[in-house]
Amino acid sequence: MPKNVLIKMLGGFHVFADGVVCDEKICKTKKGSMLLQYLILQRGKSVPCIELYEALWPNDESSNPENALKTLVSRTRSLLSAISKELPSCIGTNRGSYRFNTIENCEVDVYEFERLCEELYGVDTLNAASRAKFTRLLSIYTGDLLPYGAGETWVVPRSVDLHNRYMKI
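### Points about the packing of helix H5 (residues 109-120) against helix H7 (residues 156-168)
Interaxial distance between H5 and H7 falls to 11 Å at its minimum, and their mutual angle equals 40°. Here H5 lies oblique to H7, going by the angle between them. The chirality of how H5 crosses H7 is left-handed. Two secondary-structure elements touch here, H5 through Val110, Phe113, Glu114 and Cys117 and H7 through Arg158, Leu162, Arg165 and Tyr166. For the contact of H5 with H7, the residue count by class is 5 nonpolar, no polar and 3 charged.

### What about the packing of aromatic side chains?
By the definition in use, this model includes 5 aromatic pairs. Ring centres of Tyr38 and Trp154 lie 5.1 Å apart, and the angle between their planes is 75°; this geometry places the pair in the edge-to-face category. Taken together, the positions of Tyr38 in helix H2 (residues 30-41) and Trp154 in the loop between helix H6 (128-140) and H7 put the pair 116 residues apart, joining distant regions of the chain. For the pair Tyr38 and Trp154, one class covers both residues: buried. With a centroid separation of 6.4 Å and 65° between ring planes, the pair formed by Phe100 and Tyr111 is classed as edge-to-face. Placement of the pair is Phe100 in strand S6 (residues 97-100) and Tyr111 in helix H5, with a sequence separation of 11 residues. An identical accessibility class is assigned to Phe100 and Tyr111; each is buried. The rings of Phe113, Tyr141 and Tyr166 are connected pair by pair, giving a single aromatic cluster. Geometry around Tyr111 places Arg43 over its ring, the cationic atom sitting 4.2 Å from the centre.

### Some thoughts on the environment of Leu137
Looking at the secondary structure, you find Leu137 in helix H6. Separated by 29 residues in sequence, Leu137 and Tyr166 place their C-alpha atoms 8.5 Å apart. Sequence-distant contacts of Leu137, that is, excluding residues within four places in its chain, are made with Phe113, Leu116, Cys117, Leu120, Tyr166 and Ile169.

### Some thoughts on the sheet that holds strand S3 (residues 20-21)
Spatially, 4 strands are ordered S3-S2-S1-S7 in an open sheet, and the strand pairing comes out mixed. A strand with exactly one partner marks an edge of an open sheet, and here the two such strands are S3 and strand S7 (106-108). Here strand S1 (residues 5-8) runs beside S7; their pairing, made up of 3 bridges, is parallel. The residue of S7 that forms the bridge with Leu6 is Glu107.

Parameters at a glance
Residues numbered from 1 in each chain as written. Predicted model: local features only at pLDDT ≥ 70, side-chain atom pairs only at ≥ 80, totals over all residues. Heavy atoms only, no water. Axes fitted to C-alpha atoms, helices over the stretch in contact; angles between N-to-C directions. Helix = DSSP H or I, 4+ residues; strand = E, 2+ residues; numbered from the N terminus. Parallel < 35°, antiparallel > 145°, perpendicular 65-115°, else oblique. Left-handed = near helix turned anticlockwise from the far one by under 90°. Contact = heavy atoms within 4.5 Å. Nonpolar A, V, L, I, M, F, W, Y, C, P; charged D, E, K, R; others polar. Phe/Tyr/Trp six-rings, centres within 6.5 Å; stacked < 30°, edge-to-face > 60°. Buried < 20%, exposed > 50% of the residue type's maximum accessible area, 1.4 Å probe, protein only. Lys NZ or Arg CZ within 6 Å of the ring centre and 35° of its normal. Pairing = 2+ DSSP bridges.

Next up, the structure:
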């Protein structure tokens, strides 16, 4: 039976399956968590292997970066399968690149937050529908994006953007 998976990135990184926190499964390796986070933040864009490698291993001189990345992707998919058998398919491969694919029964708080921001931008009349959307938006934004990874250069710009949207709304 497919599980409902929620990936939270606002206020901290957490993965839930049917409402049960699964952090110990996915957060076994910092690099695996970072890989998943980086791909999610690219929102369906194919990310070239070299870009991923540079983001995850900055200033590292490896003799075989492609192999290190392949191994990391394989391990991360394996960890995701412990949460839900469909979840490993979220990490797609395409000719020298990887991407995060949304699948049925998997929600990402950042995606919903951005969708609600777009829907609520310019709303000047509060009715039942817009009130419900504002309430939902406020419940999603539980803090800055990946606060424990805030030092990563690829987190900072997106975190600032999301915080600015939150303040504007």
